[in-house]
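# Chains, contacts and geometry: an overview
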2 protein chains.
Amino acid sequence: MKKIVLGSLSAIALATSLNAFAMDAEEAIEFRQAGYKFMAWNMAKIKAMAIDGDVEWNPQQVQAAANSIAATANSGMGALFIPGTEKNVGNTKTRVKPEMFTDIEGVTEVGMAFHKAATELAAAAETGDKATVAKAFGAAGQSCKGCHDKFRMD
Amino acid sequence: MKKIVLGSLSAIALATSLNAFAMDAEEAIEFRQAGYKFMAWNMAKIKAMAIDGDVEWNPQQVQAAANSIAATANSGMGALFIPGTEKNVGNTKTRVKPEMFTDIEGVTEVGMAFHKAATELAAAAETGDKATVAKAFGAAGQSCKGCHDKFRMD
């Protein structure tokens, strides 16, 4: 429950673009891309073990990967969508759509879904059960896609 | 305790370069740099609140940042130091020293220190006490530096 509460708080932070410390637009884009990239690695590991089966099932590695995804999702990444980062900055490219900075209701919806799915993936990983993880992984993937479809350029 | 056990397992993974799924050298460098960069953001947030004081103390944000650092540290990043990533790959630059791939004892030492410090930072954040977090933050920073000094080029 504690984690879900934190998730909700992060979604609020996402909606209000709470900014915890001074940084420039380029840094903000780089930090958020780093978070997404690191989650992609952890998602790929879980996929390899729980879905594709091309890597032997290892519940400890799955748990570590899911914990990392949940903690990243709940780290308050909304603060990295500061004004000025709705477009490329110098050599730093972003695929975000400007709508992410104006459609607060839409962002809150996909943000909440993402926090919930990431938190539930970590809870599923704690069971150590492959089918439970596979199901939660599918839901997490859908929550990623929900935002990509709406707020990320192809 | 559970987290500390996971930390130790990750350090073993670090030492043995356990590789959870197929990826190329360029991807491995990009994934590990993403993890370090995202930790840097979370460290900067804690520093701003617990050390510099230029951002108002917010125990929930500190906790979220510390959880993210601990989960990243315990995610098995050692698997990203695959053979072929001890040097630049194409346009993907790395500052790692080749010694990181040969000095198993040294890597295990700094790796264990890092996992321990990151886990203790998350535990300190749970107390909500600024001085406790400041102390744990200092130790975590030292553990980062311990590896940078030994295995990262300037």
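What you see is a predicted model; the values in this text were computed from it and never measured.

Parameters at a glance
Residues numbered from 1 in each chain as written. Chains lettered and ligands numbered in written order. Predicted model: local features only at pLDDT ≥ 70, side-chain atom pairs only at ≥ 80, totals over all residues. Heavy atoms only, no water. Helix = DSSP H or I, 4+ residues; strand = E, 2+ residues; numbered from the N terminus. Buried < 20%, exposed > 50% of the residue type's maximum accessible area, 1.4 Å probe, protein only. Contact = heavy atoms within 4.5 Å. Buried area = accessible area lost by both parts, 1.4 Å probe. Salt bridge = Lys/Arg side-chain N within 4 Å of Asp/Glu carboxyl O. Polar contact = N/O pair within 3.5 Å; in protein donor to acceptor, adjacent residues only side chain to side chain. Nonpolar A, V, L, I, M, F, W, Y, C, P; charged D, E, K, R; others polar. Least-squares fit on C-alpha atoms with pLDDT ≥ 70 in both. Core = buried A, V, L, I, M, F, W, Y, C linked by side-chain atoms within 4.5 Å. UniProt positions renumbered as here; feature names shortened; annotations may be inferred. Expected span 1.5 Å × (residues − 1). Arc of directions from axis to C-beta. pLDDT = per-residue confidence, 0-100. Phe/Tyr/Trp six-rings, centres within 6.5 Å; stacked < 30°, edge-to-face > 60°. Lys NZ or Arg CZ within 6 Å of the ring centre and 35° of its normal. Axes fitted to C-alpha atoms, helices over the stretch in contact; angles between N-to-C directions. Parallel < 35°, antiparallel > 145°, perpendicular 65-115°, else oblique. Left-handed = near helix turned anticlockwise from the far one by under 90°.

## A short note on the overall build of chain A
- Check the secondary structure of chain A and you find five helices and zero strands.
- Written out in order from the N terminus, the α and β elements of chain A read α-α-α-α-α.
- Burial statistics for chain A: of 154 residues in total, 47% are counted as buried.
- Considering only contacts in chain A between residues 6 or more positions apart, those separated by 24 or more positions represent 76%.

## Observations regarding the interface of chain A and chain B
- Between chain A and chain B, the residue contacts involve 34 residues of the former and 35 residues of the latter.
- Buried surface at the junction of chain A and chain B, summed over both partners, amounts to about 2800 Å²; 73% is from carbon and sulfur atoms.
- Connecting chain A to chain B are two salt bridges.
- There are two residue pairs in polar contact (both at pLDDT 80 or more) connecting chain A and chain B.
- For the side of chain A that touches chain B, the secondary structure elements donating two or more residues are α1 (2-16), α2 (25-52) and α3 (59-73) of chain A.
- At eleven residues, α2 of chain A tops the list of elements feeding residues into the side of chain A that touches chain B.
- Tallied by class, the residues present in the side of chain A that touches chain B amount to 18 nonpolar, eleven polar and five charged.

## Some words on the relation of the copies chain A and chain B
- Expressed as a screw transformation, the operator carrying chain A onto chain B has a rotation angle of 180 degrees and an axial translation of 0.0 Å, and the superposed copies differ by an RMSD of 0.0 Å. Such a combination of rotation and displacement between the chain copies is what one expects of a two-fold axis. Taking C-alpha positions as the reference, the residue of chain A nearest the rotation axis is A34 of chain A, at 2.1 Å.
- Interface overlap between copies: 100% of the residues of chain A at the interface are likewise at the interface in chain B, consistent with a symmetric, same-surface contact.

## Comments concerning the nonpolar core
- Residues W41, I46 and L121 of chain A together with W41, I46 and L121 of chain B are the most contacted members of the largest nonpolar core, which totals 70 residues.
- Breaking this core down by element, the ones donating at least two residues are α2, α3, α4 (104-127) and α5 (130-151) of chain A together with α2 (25-52), α3 (59-73), α4 (104-127) and α5 (130-151) of chain B.
- Those residues within four positions of I46 of chain A in sequence are excluded, and the remaining contacts are I51, V62, A65, A66, I69, L121, V133 and F137 of chain A.

## With respect to the UniProt feature "binding site: heme c" (unreviewed entry) in chain A
Residue and element names in this part refer to chain A.
- Feature annotation in UniProt assigns "binding site: heme c" (unreviewed entry) to the following positions: C144, C147 and H148.
- Counting through the fold element by element, C147 comes out in helix α5.
- Assignment of secondary structure puts H148 in helix α5.

## Re the pattern of salt bridges
- Tallying each qualifying case throughout the model produces ten salt bridges over all chains.
- Ionic pairing is found between K37 of chain B and E30 of chain A, a salt bridge with its closest N-O pair at 3.6 Å. Separated into two different chains, K37 of chain B in helix α2 and E30 of chain A in helix α2 make up a pair that spans both.
- Owing to a relative accessible area of 29%, E30 of chain A belongs among the partly exposed residues under this scheme.

## Remarks on α5 of chain A
Residues and elements named next belong to chain A.
- Helix length check: α5, at 22 residues, gives a terminal C-alpha distance of 31 Å against a target of 32 Å (1.5 Å per residue), a fit within 8%.
- Looking at α5, one finds that the buried residues are V133, A136, F137, A140, S143, C147 and F151. Along α5, the residues classed as buried sweep out an arc of 120 degrees about the axis, all on the same side. Across from the buried face of α5, at angles greater than 90 degrees, the exposed residues are A131, K135 and Q142.

## A short note on the confidence of the model for chain A
Residue and element names in this part refer to chain A.
- Confidence along chain A averages 89 in pLDDT terms, with 87% of residues attaining 70 or more.
- Averaged over each element, pLDDT in chain A is lowest for α1 (41) and highest for α3 (98).
- Every residue in residues 1-18 is under pLDDT 50, and counting partners more than four places away or in other chains gives 31 contacts.

## Thoughts on the packing of aromatic side chains
- This model, assessed by the stated rule, comprises six aromatic pairs over all chains.
- Here F81 of chain A and F101 of chain A contribute two aromatic rings whose centre-to-centre distance is 6.1 Å and whose plane-to-plane angle is 55 degrees, an arrangement assigned as tilted. With a gap of 20 residues between them, F81 of chain A in the loop between α3 and α4 and F101 of chain A in the loop between α3 and α4 connect regions that are remote in the sequence.
- Clustering of aromatic rings is evident, with ring pairs tying together F31 of chain A together with F38 and W41 of chain B.
- Against the face of W41 of chain A rests K45 of chain A, its NZ or CZ located 3.3 Å from the ring centre.

## Focus: the side chain of T92 of chain B
- Looking at where T92 of chain B falls in the secondary structure, it is placed in the loop between α3 and α4.
- Look past the residues within four positions of T92 of chain B in its chain and what remains in contact with it is E26, I29 and E30 of chain B.

## Describing the packing of α2 of chain A against α5 of chain A
Residues and elements named next belong to chain A.
- At a minimum axis distance of 9 Å, the contact between α2 and α5 shows a crossing angle of 140 degrees. As far as their axial angle goes, α5 and α2 are oblique. Where α2 crosses over α5, the handedness of that crossing is left-handed. Touching M43, I46, K47, M49, A50 and I51 of α2 are K130, V133, A134, F137, A140 and G141, all from α5.
- In terms of residue class, the contact of α2 with α5 is made up of nine nonpolar, one polar and two charged.

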